[in-house]
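# Observations on the model geometry
Here is how the chains run, residue by residue.
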Amino acid sequence: MQIVDIDFCVPDDIRSLVEIEEVCFDIPWEEYMIERDLNEPGNAIYLKAVIKGTIAGYGVLGRADDTAHLMNLAVLPEYRRQGIALQLMTAFGEISEDWRCRRMCLEVRSSNNIARDFYASIGFVYLSRIKGYYVDREDALVLTARLPLRIP
Ligand SMILES: CC(C)(COP(=O)(O)OP(=O)(O)OC[C@H]1O[C@@H](n2cnc3c(N)ncnc32)[C@H](O)[C@@H]1OP(=O)(O)O)[C@@H](O)C(=O)NCCC(=O)NCCS
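This report concerns the structure included in the present document. (Residues numbered from 1 in each chain as written. Predicted model: local features only at pLDDT ≥ 70, side-chain atom pairs only at ≥ 80, totals over all residues.)

## Re the overall build of the chain
- Across its full length, the chain holds four helices and seven strands.
- Here the C-alpha atoms of the chain give a radius of gyration of 15 Å, agreeing with the 15 Å that 2.2 N^0.38 yields for 152 residues.
- If one aligns the C-alpha atoms of the chain with their principal axes, the spans along those axes are about 35 × 35 × 30 Å.
- In the chain, which comprises 152 residues, the share counted as buried stands at 26%. (Helix = DSSP H or I, 4+ residues; strand = E, 2+ residues; numbered from the N terminus. Rg over C-alpha atoms; globule rule 2.2 N^0.38 Å. Buried ≥ 20, exposed ≤ 12 C-beta atoms within 10 Å, placed from the backbone.)

## A word on the environment of Y133
- Considering the arrangement of structural elements, one finds Y133 in the loop between β6 (125–130) and β7 (140–146).
- Sequence separation between Y133 and Q82 is 51 residues; the distance between their C-alpha atoms is 30 Å.

## Some thoughts on the site of the ligand
- Near the ligand you find 18 residues, and of these R80, A85, L86, D117 and S121 are the closest.
- Counting residues per element, the ones that place at least two in the shell around the ligand are β4 (67–75), α3 (84–98) and α4 (113–121).
- Among the elements that make up the shell around the ligand, the one with the highest residue count is α4 (five residues).
- Residue composition of the shell around the ligand, by class: eleven nonpolar, four polar and three charged. (Near = placed C-beta within 6 Å. Nonpolar A, V, L, I, M, F, W, Y, C, P; charged D, E, K, R; others polar.)

That is the geometry; function is a separate question.
Structure follows, in structure tokens:
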């Protein structure tokens, strides 16, 4: 496992986060959304995984009542399968428990088998399907996990 520094994102990270989005997703989050979140405290929590000064991955967590909501998670291709997403999820799990949340949920594209395998490996299970959730009309699967997460 590659040990990374996990830290909160700051506005100076926006360019790197946009690059990660463009590499990792066919329909990336737009810069203005990330900029708005990072410039308005109280919105979603953005965490980055840093290796030797490079942001190798990042994730975004929100909250609704007693449920933490994982809104995004991405690791650059050259850094995958090194446990980086696991370390981001460990940090998000700790934040969720500080918030006294009982569970975490997320949406994932029904075709995204790699992410589904990743989430299954830490205890997420299928909850429901949202037809045409994404802008290209692909369905989302809603996954949920009890806290604390089952991180190996
Ligand atoms: C999903 C993603 C975040 C995983 O990041 P990662 O840092 O490579 O994941 P990890 O190395 O922490 O993987 C932990 C475990 O998840 C599972 N896993 C991860 N990638 C996998 C793959 N390609 N195939 C099968 N299982 C996989 C494995 O059990 C793995 O443990 P192992 O490597 O010891 O077998 C990454 O593939 C990614 O950024 N994908 C593109 C963006 C995306 O789809 N994000 C999810 C949006 S909902």
